[in-house]
Amino acid sequence: MDRREFLKTGGVLSAGGTCAYGLPLLGTLASKTADPQKEPEGEGRKWGMVIDLTKCRPDCTACMQACHEENNIPVFGDKRWDIQLIRKVTIRRTFPVESAEKSVPVLCNQCDVPPCALACPVQATYKRPDGIVICDQHRCIGCRYCLIACPYNARYFYFKESEDWPNKDRPRSTHGVTHSCTFCVHRLDRGETPACVEACRKVGAGALTVGDLNDPDSEISKLIADNDVKGIREDLGTKPKVYYIGL
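Sequence order as written defines residue numbering, which begins from 1 separately in each chain. Totals for whole chains, interfaces and linings use all residues, but because this is a predicted model, local features are given only for residues with pLDDT of at least 70 and pairs of side-chain atoms are given and counted only at 80 or more. Side-chain metrics rest on all non-hydrogen atoms present in the structure, leaving aside hydrogens and water.

Any Lys or Arg side-chain nitrogen located within 4 Å of an Asp or Glu carboxyl oxygen qualifies as a salt bridge. Overall, the coordinates contain 13 salt bridges when judged by the stated rule. Lys46 is the partner of Asp112 in a salt bridge, and the nearest nitrogen-oxygen pair spans 3.6 Å. Taken together, the positions of Asp112 in the loop between strand 3 (102-107) and helix 5 (115-119) and Lys46 in the loop between helix 3 (26-33) and strand 1 (47-52) put the pair 66 residues apart, joining distant regions of the chain. A salt bridge links Lys230 to Asp228; the nearest nitrogen and oxygen atoms lie 3.1 Å apart. Judged by relative accessible area, which is 57%, Asp228 ranks as exposed. Each of the salt bridges in this network shares a partner with another, and the network as a whole consists of Lys46, Asp112, Lys127 and Lys241. Segments assigned H or I by DSSP are reported as helices when at least four residues long, segments assigned E as strands when at least two residues long, and all are numbered from the N terminus. For the exposure calls, accessible area comes from a 1.4 Å probe over protein chains only, and a residue counts as buried if that area is under 20% of its type's maximum, exposed if over 50%, partly exposed in between.

The next thing to look at is helix 4 (residues 62-71). For helix 4, a buried count of 8 out of 10 residues is recorded, marking the element as mostly surrounded by other parts of the structure. Buried within helix 4 are the following residues: Ala62, Cys63, Met64, Ala66, Cys67, His68, Glu70 and Asn71. On the buried face of helix 4, the contacting elements are strand 2 (86-91), helix 7 (185-188), helix 8 (195-202) and strand 8 (208-212). Phi turns positive one or two residues past the end of helix 4, at Asn72, with a value near 55 degrees. Contacts were defined at the residue level, with two residues in contact if any of their heavy atoms lie within 4.5 Å.

Moving on: the side chain of Asp52. By secondary structure assignment, the location of Asp52 is in strand 1. Under the counting rule used here, the positive set is Lys and Arg, the negative set is Asp and Glu, and His together with the chain ends is not counted. Of the buried charged residues, Asp52 lacks a salt bridge, with Lys55 as the closest side chain of opposite charge at 4.2 Å. Setting aside residues no more than four positions away along its own chain, Asp52 makes contact with Ala207 and Ile245.

The subject of this paragraph is the nonpolar core. In this structure, Met49, Ile51, Leu107, Phe183 and Tyr244 are the most contacted members of the largest nonpolar core, which totals 44 residues. Where this core is concerned, the elements lending two or more residues are strand 1, helix 4, strand 3, strand 5 (133-135), helix 7, helix 8, strand 8 and strand 10 (242-245). Those residues in contact with Ile51 that lie beyond four places of it in its chain are Pro105, Leu107, Ala207, Leu208, Val242, Tyr243, Tyr244 and Ile245. Grouping buried Ala, Val, Leu, Ile, Met, Phe, Trp, Tyr and Cys residues that are joined through side-chain atoms within 4.5 Å yields what is termed a nonpolar core.

This brings us to the packing of aromatic side chains. Geometry of aromatic contacts follows a simple scheme: Phe, Tyr and Trp rings, the Trp one being its six-membered ring, pair when their centres are within 6.5 Å, and the pair is stacked under 30 degrees between planes, edge-to-face over 60, tilted otherwise. Throughout the structure, instances matching the rule amount to 1 aromatic pair. Comment: the charge-over-ring label is applied if NZ (Lys) or CZ (Arg) is within 6 Å of the ring centre and within 35 degrees of the ring normal. Positioned above the aromatic ring of Phe157, the side-chain terminus of Arg144 is 4.6 Å from the ring centre. Seen from the ring of Phe76, Lys160 lies directly overhead, with NZ or CZ sitting 4.9 Å from the centre.

In this section: the pairing of strand 1. The element strand 1 is largely enclosed, with a buried count of 6 among its 6 residues. Taking every second residue as pointing to the same face, both faces of strand 1 are buried, with Trp47, Met49 and Ile51 on one and Gly48, Val50 and Asp52 on the other. Pairing between strands requires that DSSP locate at least two bridges from one strand to the other. Pairing of strand 1 with strand 8 involves 5 bridges; the strand directions are antiparallel. When the bridges of strand 8 are listed, Val50 appears paired with Thr209. Where strand 1 and strand 10 come together, 4 bridges link them in parallel fashion. Bridging across to strand 10, Met49 finds its partner in Val242.

As structure tokens, this is what we get:
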């Protein structure tokens, strides 16, 4: 989509209306931004995640701690500045029937139709052919339209910089740009599992699974086939790729 097309159809998105009025436009916008040569439907690998809430312990934060250490996420002890690429929230279903409160890990949903990418005026945020949504922090201008557009509140802005640098293999956090979970794409590209998944297995929970949705023999595909899985706010048309068992 060029700048003229963005200005024609993206006004609602950039104003933050994605969560309310802009989401019905996602289908139209997606069709205008789709590139069949870059993102062939049904071909190649498509990453997704399954979170089994029956195995996730409410008091466990192993996944969050591993994420901070792997990605050099600073902790200031102030909600205004702190970044949680994966966090736990307490939710309660009210429709169609009420349910008990549940502790649910929440992170970027790697949407097939990502509102954040559609709202970005400089195409710093984009979706890779394997489904991972990335922010090119060298291209990001810090406008934060993507934060407003994300209906899952899963994108963050670096307001402050930290001198902490626990993982020298990864860049140190820099203020003035946005960030979100990428399933530790740098690890996936090396054939490794995301840090949160590895940590969850180490504590014996095994609640997190990441794999190829296009491979019917993969562990994640079998989990989806054998269980009643749900996504968060699937009604929004974003086609999230994080699925929950027991939601």
